[in-house]
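# Examining the three-dimensional arrangement
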Amino acid sequence: MTEKKIPTHLAIILDGNGRWAKKRNLPRLMGHRAGLRKLEDMVRLVKREGIRYFSVYAFSTENWNRPQMEVTGLMSLFRYYIRRKVDEIKSEGARIRFCGRKDRLPEDLLAQMKWAEDYTKDEKILDFILCINYGGRAEIIDAVNKLIAENPQTPVTEQDLRKHFYLPDVPDPDLIIRTSGELRLSNFWLWESAYSEYYFTDIHWPDFDEAELKRALENYAGRERRYGGLKS
Ligand code: FPP
């Protein structure tokens, strides 16, 4: 019997919190809260599936354009999550990592993020990557600028650039799931998604559950990845 193919790196675009809340006549922030609770379950489920890297798009470089109240609310949720949930994450054998630009984030949140990364750095079962203030274009531009500052030998290679990404040791996502019906990448893992498989579902993120995850993973397992090569 052949082993079931599972993604080494699963990435999720957490979309639909706002629509989930609207359907229930709740403020948007309640949708984000429900989304956060769902994320807590998902870390356990993803680990149980044997996935090694799990990344989520929690706040993009474009999300600063949302109303101030929503941005402040999301920052508070990130603080709450780090303060209250990191021990639970660590006890699952998961290491927390943050991916994105460090500018614009509040100083106290940055300090908490650094603390959480240090506190969980020796955990080896799962890398749980929170993309906060992340944008794929920003990542590429930041890498190019770091590379130029090094005055590299030209021509530069893909590897030269990749070394300067935010998390160069993390393998490219094998599967990217996007919830809530939108069929786009929205600046997530722009370079790294060159050969990723995509899975889209109409389910809003706070309703995404174990059955939905299994459906996405089953679907992925049935795909043939060719990386530009020929059909086998
Ligand atoms: C997109 O839904 C969701 C976000 C911009 C925020 C996602 C954040 C969370 C789930 C909280 C995560 C917390 C941590 C600690 C990572 P949307 O608001 O764009 O939904 P809509 O398209 O229906 O309006």
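Coordinates for the structure precede this section.
In this text the structure is predicted, and so the values were computed from the model without any measurement.

## Quick look at the overall build of the protein chain
- Within the protein chain one finds 7 helices and 6 strands.
- Along the protein chain, helices and strands appear, N-terminal first, in the series β-α-α-β-α-β-α-β-α-α-β-β-α.
- Its C-alpha atoms give the protein chain a radius of gyration of 18 Å, within 12% of the compact-globule value 17 Å for 232 residues.
- When the backbone C-alpha atoms are referred to their principal axes, the protein chain occupies close to 55 × 50 × 35 Å.
- Burial status across the protein chain gives 50% buried among its 232 residues.
- Put simply, of all contacts in the protein chain between residues at least 6 apart along the chain, 78% involve residues at least 24 apart.
- Surface accessibility of the protein chain: about 12400 Å² in total, with carbon and sulfur atoms responsible for 51%.
- Averaging the positions of the 40 positive and the 36 negative side-chain charges in the protein chain gives two centres separated by 3 Å.

## A closer look at the site of the ligand
- Neighbouring the ligand are 18 residues, the closest being L14, G18, R19, R28 and R66.
- In this structure, D15 approaches the ligand through a side-chain N or O atom, which is 3.1 Å from an oxygen atom.
- R28 is positioned such that a nitrogen or oxygen atom in its side chain is 2.8 Å from an oxygen atom of the ligand.
- Considering the ligand on its own, with 620 Å² of exposed area, one finds that the protein chains cover 92% of that surface.
- One can see that the ligand is located within the largest pocket.
- Only helix 1 (17-23), helix 2 (28-48) and helix 3 (68-91) provide two or more residues apiece to the shell around the ligand.
- Top element by residues in the shell around the ligand is helix 2. It accounts for 5 residues.
- Among the residues making up the shell around the ligand, the classes are represented as 8 nonpolar, 6 polar and 4 charged.

Scoring rules and cut-offs
- Residues numbered from 1 in each chain as written.
- Predicted model: local features only at pLDDT ≥ 70, side-chain atom pairs only at ≥ 80, totals over all residues.
- Heavy atoms only, no water.
- Helix = DSSP H or I, 4+ residues; strand = E, 2+ residues; numbered from the N terminus.
- Rg over C-alpha atoms; globule rule 2.2 N^0.38 Å.
- Buried < 20%, exposed > 50% of the residue type's maximum accessible area, 1.4 Å probe, protein only.
- Contact = heavy atoms within 4.5 Å.
- Areas by Shrake-Rupley, 256 points an atom, 1.4 Å probe, with all protein chains shown as cover.
- Lys, Arg positive; Asp, Glu negative; His and termini not counted.
- Charge placed at Lys NZ, Arg CZ, Asp CG, Glu CD.
- Near = heavy atom within 4 Å.
- Polar contact = N/O pair within 3.5 Å; in protein donor to acceptor, adjacent residues only side chain to side chain.
- 1 Å grid on protein atoms, 1.4 Å probe; cavity = no way out; pocket = protein on both sides within 12 Å on 5 of 7 lines; lining within 4 Å.
- Sits in = over half its atoms within 2 Å of the grid points.
- Nonpolar A, V, L, I, M, F, W, Y, C, P; charged D, E, K, R; others polar.

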